[in-house]
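These are the residues of each chain, in order.
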There are 2 protein chains.
Amino acid sequence: MSTRETIIQLGDQLIRSKGFNAFSFYDISEKMKIKNASVHYHFPTKTDLGISILEAHRQKLHSLIESTSTKGPVDKLNSFLLIYTTIKSEGHVCLVGSLATDLNTVDLKIANELKTFADEILNWVTTILDEGKTSGVFSFQCSPRTKALMVITNMLAALQLSRLTNEEDFYTIRNEVIKGLKD
Amino acid sequence: MSTRETIIQLGDQLIRSKGFNAFSFYDISEKMKIKNASVHYHFPTKTDLGISILEAHRQKLHSLIESTSTKGPVDKLNSFLLIYTTIKSEGHVCLVGSLATDLNTVDLKIANELKTFADEILNWVTTILDEGKTSGVFSFQCSPRTKALMVITNMLAALQLSRLTNEEDFYTIRNEVIKGLKD
DNA sequence: AAATATAACTACCTATTAGTAGGTAGGCAA
DNA sequence: TTGCCTACCTACTAATAGGTAGTTATATTT
């Protein structure tokens, strides 16, 4: 992995474990055993790094959408839910949740990139649920977009709330989300 | 309102609009037209202020639980949901959501107080849903506690996600939460 | 071999942060 | 009226932050 990619990966982990305003270039440089100025060589400003982290997440999402495009709605949904299960296993929260709470403190470029990312997630899940409803493997009353909002909010906040109540609550919520598509 | 209460109120708003790590004692002192040192007179450390803000929220919750204790489950739930609607109208996120993402950066005393607060919210909503299911005004398959987790995660993340997708999505989610108790 | 690009370095700067020391003006109580 | 309390003040410190200028070592290309 290139230095640039390592920085993005570490920055990503720091944002999702501590939040955008609680990590510094020094945190990254320390872990890589290079100097803070060397991180600035790759990413002149913290905003630049933030944008690149978001772009990496978007790229990963696009790859996942692509690689699951021939599968059925149930498989696609499982792929989506697996994202959160993986984040939970690392003890982090998701990027959207972390940055959404910091929205008023970040550069407009980051805010806009984040909005695009959130829209892409919402559109994908909406499509999955729409497909599943049409083919009969999912059943729900409201619109696919509304159901997608419900699923995403459940998963996003499950990561956050289960840090406080009980780690197991994450899986309780995840299972109930799945059940809620077969009512 | 006393100086102390004003500081708590401003700190609370700052946490919920910018996050714990993005506000300073100067932000508060500036708005009150006093000096940063004067804020330290009331709250020696930022942790002290954080604890007091959490205690104020817990106190407010206890008052609400108390004042709605004689009402029915539907009224109680509406009181609960109104908390989030009010926060949304201010453009903020909720304290639990904001601090949950910062959990790894705050003093253990704050983390513990936050966990207590989250437990109290969860217990109250669980009780409301249990009452409602017993009396027949609410209908759902899973346990009251699990349903409470679903409702809370929907509302908590609705505040965060609707900052990114569409402000109206908050109300879409809120209405769907209500519908989801009458299935 | 010389020129260039890459990726790191040392050594700074400026701003902000949390927090402290010590002082003061005014109210209240013995 | 003496003395304490409250609530603020000025003035500071030590640490950390993001960021910059200029330098050097190592490859790669011409």
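Calculation notes
- Residues numbered from 1 in each chain as written.
- Chains lettered and ligands numbered in written order.
- Predicted model: local features only at pLDDT ≥ 70, side-chain atom pairs only at ≥ 80, totals over all residues.
- Heavy atoms only, no water.
- Helix = DSSP H or I, 4+ residues; strand = E, 2+ residues; numbered from the N terminus.
- Rg over C-alpha atoms; globule rule 2.2 N^0.38 Å.
- Buried < 20%, exposed > 50% of the residue type's maximum accessible area, 1.4 Å probe, protein only.
- Contact = heavy atoms within 4.5 Å.
- Buried area = accessible area lost by both parts, 1.4 Å probe.
- Salt bridge = Lys/Arg side-chain N within 4 Å of Asp/Glu carboxyl O.
- Polar contact = N/O pair within 3.5 Å; in protein donor to acceptor, adjacent residues only side chain to side chain.
- Nonpolar A, V, L, I, M, F, W, Y, C, P; charged D, E, K, R; others polar.
- Near = heavy atom within 4 Å.
- Axes fitted to C-alpha atoms, helices over the stretch in contact; angles between N-to-C directions.
- Left-handed = near helix turned anticlockwise from the far one by under 90°.
- Least-squares fit on C-alpha atoms with pLDDT ≥ 70 in both.

Chemist: Pulling in residues and values, what's your account of the overall build of chain A?
Modeler: Across its full length, chain A holds 9 helices and 0 strands. Starting at the N terminus and walking to the C terminus, you meet the elements of chain A as α-α-α-α-α-α-α-α-α. Compactness check: chain A gives a C-alpha radius of gyration of 18 Å against a globular reference of 16 Å for 183 residues, within 12% of the reference. Taking the principal axes of its C-alpha atoms as reference, chain A extends roughly 55 × 35 × 30 Å. Each of the 183 residues in chain A was classed as buried or not, and the buried ones make up 56%. Counting only contacts in chain A whose residues sit at least 6 apart along the sequence, the fraction spanning at least 24 positions is 68%.

Chemist: Any details on the interface of chain B and chain A? Residues and values, ideally.
Modeler: At the junction of the two partners, chain B supplies 42 residues and chain A supplies 42 residues. Each partner contributes to the roughly 3,600 Å² buried at the junction of chain B and chain A, and carbon and sulfur atoms together form 67% of this total. Where chain B packs against chain A, one counts 2 salt bridges. The partner of B:D169 in a salt bridge is A:R145, and the shortest N-O contact between them spans 2.8 Å. Our enumeration of links across chain B and chain A arrives at 12 residue pairs in polar contact (both at pLDDT 80 or more). Going through the elements one at a time, helix 1 (3–18), helix 6 (95–101), helix 7 (108–135), helix 8 (144–161) and helix 9 (169–179) of chain B are the ones with two or more residues in the side of chain B that touches chain A. When residues of the side of chain B that touches chain A are assigned to their parent elements, the largest contribution, 12 residues, is made by helix 8 of chain B. Looking at the side of chain B that touches chain A, its residues break down into 19 nonpolar, 15 polar and 8 charged.

Chemist: How would you summarise the protein's contact with DNA strand C if you had to cite specific residues and measurements?
Modeler: Lining the immediate surroundings of DNA strand C are 16 residues, of which A:K35, A:S38, A:H42, B:S24 and B:K46 lie closest. Counting only the atoms of DNA strand C within 4 Å of the protein, the fraction contributed by sugar and phosphate is 66%. At 2.6 Å, a backbone N or O of A:K35 approaches a phosphate oxygen of DNA strand C. With respect to DNA strand C, the side chain of B:N36 contributes an N or O atom lying 3.1 Å from a base oxygen. With 4 residues, helix 3 (residues 36–42) of chain A is the single largest residue contributor to the surface near DNA strand C. Looking at the surface near DNA strand C, its residues break down into 6 nonpolar, 7 polar and 3 charged.

Chemist: Hey, could you go over the packing of helix 7 (residues 108–135) of chain A against helix 8 (residues 144–161) of chain A for me, with residue numbers and the actual values?
Modeler: Residue and element names in this part refer to chain A. Contact geometry for helix 7 and helix 8: axes closest at 8 Å, N-to-C directions at 120°. In the packing of helix 7 onto helix 8, the handedness of the crossing is right-handed. Between helix 7 and helix 8, the residues in contact are I121, L122, V125, T126, L129 and D130 and P144, R145, K147, A148, L149, V151 and I152, respectively. Among the residues forming the contact of helix 7 with helix 8, the class breakdown is 9 nonpolar, 1 polar and 3 charged.

Chemist: Lay out the pattern of salt bridges with the relevant residues and their values.
Modeler: Side-chain pairs of opposite charge can arise whenever the charged atoms involved come near each other. The full count for this structure, using the stated rule, is 16 salt bridges over all chains. Bridged by salt links that share partners, the residues A:D12, A:R16 and A:E90 form one connected network.

Chemist: Outline the protein's contact with DNA strand D, supporting the account with residue identities and numerical values.
Modeler: Inspection of the region around DNA strand D gives 16 residues, with A:S24, A:K46, B:K35, B:S38 and B:H42 positioned closest. Of everything in DNA strand D that lies within 4 Å of the protein, sugar and phosphate atoms constitute 69%. In the environment of DNA strand D, a phosphate oxygen lies 2.6 Å from a nitrogen or oxygen atom belonging to the backbone of B:K35. Every element with two or more residues in the surface near DNA strand D is listed here: helix 3 of chain A together with helix 3 (36–42) of chain B. Ranked by residue count, the leading element in the surface near DNA strand D is helix 3 of chain B, at 4 residues. Of the residues contributing to the surface near DNA strand D, the split by class is 6 nonpolar, 7 polar and 3 charged.

Chemist: If you had to explain the relation of the copies chain B and chain A to someone new, which residues and values would you point to?
Modeler: When chain B is fitted onto chain A, the two copies agree to an RMSD of 0.0 Å after a turn of 180° and an axial shift of 0.0 Å. When the rotation and shift are considered jointly, the pair of chain copies conforms to a two-fold rotation axis. Looking at the interface residues of chain B, 100% of them are also at the interface in chain A, so both copies use one shared face.

Chemist: With reference to specific residues and values, describe unusual backbone geometry.
Modeler: With glycine set apart, most residues show a phi of negative sign, and most peptide bonds adopt trans. Of note in this structure, A:K33 is not a glycine but carries a positive phi near 55°. With respect to the helices and strands, A:K33 occurs in the loop between helix 2 (25–32) and helix 3.

Chemist: Before we move on, could you go through the side chain of A:T126 and cite the residues and values that matter?
Modeler: Residue and element names in this part refer to chain A. Considering the arrangement of structural elements, one finds T126 in helix 7. A polar atom in the side chain of T126 sits 2.6 Å from the backbone oxygen of L122. Those residues in contact with T126, other than ones at most four positions away along the chain, are P144, R145 and A148.

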